[in-house]
Amino acid sequence: MLTGAAEVAAQATTFGRLFPYARPVLVNGAAGVLVSAGGRPLSVMAFTVTGGRIAAVDVIADPHRLAALGLAD
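Residues numbered from 1 in each chain as written. Predicted model: local features only at pLDDT ≥ 70, side-chain atom pairs only at ≥ 80, totals over all residues. Heavy atoms only, no water.

Details of the nonpolar core
Move 1: Listed in full, the five residues of the largest apolar core are Val27, Leu34, Val44, Ala46 and Leu66.
Move 2: Apart from the residues lying within four places of it in its own chain, the contact partners of Ala46 are Val27, Ala31, Gly32, Ala56, Val57 and Asp58. (Core = buried A, V, L, I, M, F, W, Y, C linked by side-chain atoms within 4.5 Å. Buried < 20%, exposed > 50% of the residue type's maximum accessible area, 1.4 Å probe, protein only. Contact = heavy atoms within 4.5 Å.)

What about the pairing of strand β3 (residues 40-50)?
Move 1: Where strand β2 (residues 30-37) and β3 come together, six bridges link them in antiparallel fashion. What sits directly across from Val33, in β3, is Met45.
Move 2: Between the antiparallel neighbours β2 and β3 lie two residues, among them Gly38 with a positive phi of about 60°.
Move 3: Between β3 and strand β4 (residues 53-60), which pair antiparallel one after the other, the connecting turn spans two residues, and Gly51 there sits at a positive phi close to 60°. (Pairing = 2+ DSSP bridges. Helix = DSSP H or I, 4+ residues; strand = E, 2+ residues; numbered from the N terminus.)

With respect to the environment of Arg17
Move 1: Tracing the sequence through the fold places Arg17 in the loop between α1 (5-16) and β1 (22-27).
Move 2: Of the residues examined, Arg17 reaches a relative accessible area of 62% and is grouped as exposed.
Move 3: Along the backbone, Arg17 and Leu71 are 54 residues apart, and their C-alpha atoms lie at a distance of 22 Å.

Set out below in C-alpha cells:
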C-alpha cells in the first residue's frame, strides 16, 4: 500500500507512461481505468473519490486475477 503524496505521485508518474494504452471504464459503478495493449489487459485501476479528490486507488495487475475478470479489449 502506498501512502503519502510523494509516494503516490511517484507511482502515478510511472503509470502515466501507460496513458496511450488506457481508457476510462466503470469499476463497480465508480471511475476507473483499464490499461491494455495488444488486446490484453495489463491492469485495472479503481478510484475512490472523496470531497472531489482521489482518496484511494486500487490496482489489479496480476495476470491471473485479470484473466479471471473476463475483460475484453
